[in-house]
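A closer look at the structure
So you can see what is in the structure, the chains are spelled out below.
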Amino acid sequence: MTGGALRVSFVPKPWGRRHLPPPYGMQDTEIGEIHFQAPGALQTILGKYLFTSDTLSIQLHPTEQTCPKNAGKDECWMVTDADDTARVAIGFRKPFSELEIREAAMQGLLEDLLQWHSVKKNDFIFVPSGTVHAIGAGVTLVELQQNVDTTYRLYDHGRGRQLQLEQALRSLADQPSAESFQLAVSPEEEQILLESRHFQVAQSVGQPGRKILERFASAVQVLPLSGPCRIGEIGIYPGSAGWAHDLRSIDLKDCERALLFAAV
């Protein structure tokens, strides 16, 4: 098989929603994430949607030096919808000592140490491994990441889930300035959005140009944001995802906007 639609799995979360945007609609439980299960050629990366009705845990993903699988976990977000008060946190407001971070987490004051930023539709944000972060309520986004299921929570708003405070403190990398990783993306402009150590992301507007075709020369995921694309006889519509061994085999001429996602 050279490509097709990706299988969807629904992941309940305490901060999720019952009412999801099209094509999913009303659900029986609070769904926080929709994962797209990729085939072997793309198993090192994972694409998914997130839907928030409450603030997520304050967390980080370990670096390559501290991850049990020695892989680390970088991720990025494309905001597809956001309430007027929506915000995310990336890094701390200023340098804090390990003792200050630990005490704030234990006292429920860790949110006050974070650097919070308002977000809106079409914001694109890169979150390198080792970066403390959180996503607030009222956000819908596409998350593209390394396919590593390791998250260290520092604080979880009293939800009763297990924390990994000591592992998180050992895994903290130098915290970036959020301005360095947040980009307001024009939905009408084709561009390379990210070229990290582990994956690359681009936005196509209709059929991709030569630069993107050259960069995405192997297996690729496609996530239409506006308008459908086709892989052979299979239609891939907004809210879903597809894949192909070769970007040239994806017909994007009727797709006004799509994210392209591939491992490096």
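Below or above, wherever it landed, is the structure these notes cover. (Residues numbered from 1 in each chain as written. Predicted model: local features only at pLDDT ≥ 70, side-chain atom pairs only at ≥ 80, totals over all residues. Heavy atoms only, no water.)

Focus on the overall build of the chain
Counting secondary structure elements, the chain contains three helices and 21 strands. For the chain, the C-alpha radius of gyration of 18 Å lies close to 18 Å, the compact-globule estimate for 264 residues. By its C-alpha atoms, the chain is 55 × 40 × 30 Å across when sized along the principal axes. Here the chain holds 264 residues, and the buried ones make up 55% of them. Sequence separation of 24 or more characterises 72% of the internal contacts of the chain that already satisfy a separation of 6 or more. (Helix = DSSP H or I, 4+ residues; strand = E, 2+ residues; numbered from the N terminus. Rg over C-alpha atoms; globule rule 2.2 N^0.38 Å. Buried < 20%, exposed > 50% of the residue type's maximum accessible area, 1.4 Å probe, protein only. Contact = heavy atoms within 4.5 Å.)

Quick look at the sheet that holds strand 11 (residues 139–146)
Sheet architecture is open: seven strands sit in the order 2-3-4-11-6-9-13, paired in antiparallel fashion. The open sheet has two free edges, formed respectively by strand 2 (7–20) and strand 13 (182–184), since each of these has just one partner strand. Averaged over all pairs of adjacent strands, the angle between their axes in this sheet comes to 25°, without regard to strand direction. Two strands pair when backbone bridges link them, and strand 2 and strand 3 (residues 25–37) are joined in this way by nine bridges, in the antiparallel orientation. The residue of strand 3 that forms the bridge with V8 is F36. (Pairing = 2+ DSSP bridges. Axes fitted to C-alpha atoms, helices over the stretch in contact; angles between N-to-C directions.)

Taken by themselves, the reported measurements are silent on function.
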